[in-house]
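Residues per chain are reported as follows:
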Amino acid sequence: MKNMKTSFSLNLLLRDNIKRLVPYSSARDEFKGEASILLDANENAFGSPYARNYNRYPDPLQHRVKEKLHRIKGVPVENIFLGNGSDEAIDILFRAFCEPGRDNVILVPPTYGMYEVSANINNVAYKKVNLTIDYQLDLDGIAEAIDAHTKLIFICSPNNPTGNSIRRQDIETILVNFDGIVVVDEAYINFSKQPSFTTDLAEFPNLVVLQTLSKAWGLAALRLGMAFANKEIIAVFNKIKPPYNINQATQDIVLEALEGVEIVNEWIKEVVGEREKLSAALQVLPQVTHVTPSDANFILVKLEEPRALYNFLVDKGIIVRDRSKVELCEGCLRLTIGTPAENKTLLKEVKRFYNG
Ligand code: PMP
């Protein structure tokens, strides 16, 4: 790849309908300040049968949650978007930047499946540039695939399902050379020693970093994903999103849960320790060909008879992810790291499958 500064222009990238869009203005957007009688949003003024507050629409821009995330992550509030899972942020990226039937995006498989699904839902073409055999970016292949209508490149690091981190320098090369948006999905960053790209937002105007509370934070059921980017891109996200995309119960519980940084950090240490223990224990089995070194809370393991082992484990009530038919993951199962007891049971059953 050539080394030249990116000539990034948000206006050139946005779809025309999004540029022209007058966003929905909710009752809570129009009025800001203190009031004692709220008769502006057609809510039930009597209350709700469940608990206090839930009769009122939630804060559309989730100020309190963002303020707390700012304190934890050091990213300014104006650079944070919150979505109904990071899957919502992925979908909004397509709707903001990709004209169906004209634009395209680049995917680097094997990687998280939702980028392709979201492209298909939005009728946007994608070009696949496979990772190399050591699960790193094929920079030349990506450079060749980029054309005048390429709007987004999705890079997942640590990558799902392989677990490894993508070389930082390679991601920076793309950020510098590509005029479109580079999406760095850091769903598993808490399990990695790699620094987050959230510290580089000022340097790269075309960078969107995705994170989620669904993994290390243990809040998958609440559906809270984060996108970090320069404030112009965040303004586009906010223009497109449904007005009340993060419900009040989620905002309330997340505010409390974000007080629990210490316990989360303890869990991360424990998961990383278990990951290394399980990897080592599997690696010595003669039927295990390879365990990809992982920076995530799962490991990709290449082993004999993956499908039969998968079915054997299902019979024992243990569900893992069969990736054995995925290109570049042939023969592999993806194992999420569980509690020490769960990992012990898994290992015992894997040994029983091979040794009887
Ligand atoms: N990105 C990656 C790489 C993931 O693996 C997942 C979930 N499996 C997500 C995003 C989606 O996360 P969320 O629960 O925030 O929608």
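Values in this document were obtained by computation on a predicted structure and should not be read as measured data.

Reading guide: rules and limits
Residues numbered from 1 in each chain as written. Predicted model: local features only at pLDDT ≥ 70, side-chain atom pairs only at ≥ 80, totals over all residues. Heavy atoms only, no water. Helix = DSSP H or I, 4+ residues; strand = E, 2+ residues; numbered from the N terminus. Polar contact = N/O pair within 3.5 Å; in protein donor to acceptor, adjacent residues only side chain to side chain. Contact = heavy atoms within 4.5 Å. Pairing = 2+ DSSP bridges. Axes fitted to C-alpha atoms, helices over the stretch in contact; angles between N-to-C directions. pLDDT = per-residue confidence, 0-100. Near = heavy atom within 4 Å. Areas by Shrake-Rupley, 256 points an atom, 1.4 Å probe, with all protein chains shown as cover. Nonpolar A, V, L, I, M, F, W, Y, C, P; charged D, E, K, R; others polar. Buried < 20%, exposed > 50% of the residue type's maximum accessible area, 1.4 Å probe, protein only. Right-handed = clockwise from strand over helix to strand, strands pointing away. Core = buried A, V, L, I, M, F, W, Y, C linked by side-chain atoms within 4.5 Å. Domains from an automatic or database assignment.

Overview of the side chain of Asn 55
Part 1: Tracing the sequence through the fold places Asn 55 in the loop between helix 3 (27–30) and helix 4 (63–73).
Part 2: For Asn 55, the side chain forms a polar contact with the main-chain oxygen of Asn 44, separated by 2.9 Å.
Part 3: Excluding residues within four positions of it along the chain, Asn 55 makes contact with Glu 43, Asn 44, Ala 45, Gly 47 and Ser 48.

Topic: the sheet that holds strand 10 (residues 321–322)
Within a sheet, each strand pairs with its neighbour through backbone hydrogen bonds, oriented either parallel or antiparallel.
Part 1: If you trace the four strands from one edge of the open sheet to the other, you get 8-9-11-10, paired in antiparallel fashion. Both outer strands of the open sheet, strand 8 (288–291) and strand 10, are each paired with one neighbouring strand and no more.
Part 2: Relative to strand 11 (residues 332–336), strand 9 (residues 298–303) runs antiparallel, the two being bridged by five bridges. The residue of strand 11 that forms the bridge with Ile 299 is Leu 335.
Part 3: Each of strand 9, strand 10 and strand 11 touches helix 12 (residues 306–315); the most contacted strand, strand 11, lies at about 35° to it.

Focus: the confidence of the model for the protein
Part 1: Of the residues in the protein, 98% reach a pLDDT of 70 or more, and the chain-wide mean stands at 95.
Part 2: Segment residues 1–5 is flagged for pLDDT under 50; beyond a separation of four residues in sequence, or across chains, it makes 14 contacts in the model.

Side note on the site of the ligand
Part 1: Lining the immediate environment of the ligand, one finds 13 residues, of which Ser 86, Asp 185, Tyr 188, Thr 212 and Ser 214 sit closest.
Part 2: Here a nitrogen atom of the ligand sits 2.6 Å away from a polar atom, N or O, in the side chain of Asp 185.
Part 3: Here Arg 223 contributes a side-chain N or O atom positioned 2.7 Å from an oxygen atom of the ligand.
Part 4: A total of 400 Å² of accessible area belongs to the ligand in isolation, and the protein chains cover 91% of it.
Part 5: Here the shell around the ligand is composed, by residue class, of four nonpolar, five polar and four charged.

A short note on the pairing of strand 5 (residues 181–185)
Part 1: For strand 5, the buried fraction is high: five of the five residues fall into the buried class.
Part 2: What you see with strand 5 is no split at all: Ile 181, Val 183 and Asp 185 on one side and Val 182 and Val 184 on the other are buried throughout.
Part 3: Two elements, strand 4 (residues 150–156) and strand 5, share five bridges in a ladder whose sense is parallel. Following the sheet pairing, Ile 153 is matched in strand 5 by Val 182.
Part 4: Note that the unit made of strand 4, helix 8 (residues 168–177) and strand 5 has a crossover that is right-handed.
Part 5: As defined by bridge partners, strand 5 adjoins strand 6 (residues 207–212) across four bridges and the pair is classed as parallel. Residue pairing in the sheet places Asp 185 in a bridge with Leu 210 of strand 6.

Looking at the nonpolar core
Part 1: Counting residues in each nonpolar core, the largest one holds 74 residues, and the members touching the most others are Leu 137, Ile 174 and Leu 282.
Part 2: In terms of domain composition, this core takes at least three residues from each of domain 1 (10–259) and domain 2 (262–355).
Part 3: Aside from chain neighbours lying at most four places away, what touches Leu 282 is Val 288, Val 291, Ile 299, Val 301, Leu 335, Leu 347 and Val 350.
Part 4: Counting residues in each nonpolar core, the second largest holds 33 residues, with Leu 10, Ile 18, Ile 92 and Val 124 among its members.

What about unusual backbone geometry?
Part 1: Residue Pro 158 follows Ser 157 across a cis peptide bond; omega there is -5°.
Part 2: Positionally, Pro 158 belongs in the loop between strand 4 and helix 8.
Part 3: Cis geometry is found at the peptide bond from Asn 160 to Pro 161, where omega equals 15°.
Part 4: You can see Pro 161 is positioned in the loop between strand 4 and helix 8.
Part 5: A positive phi angle, close to 50°, is found at Gln 62, a residue other than glycine.
Part 6: Within the element layout of this structure, Gln 62 appears in the loop between helix 3 and helix 4.
Part 7: A positive phi angle, close to 50°, is found at Glu 305, a residue other than glycine.

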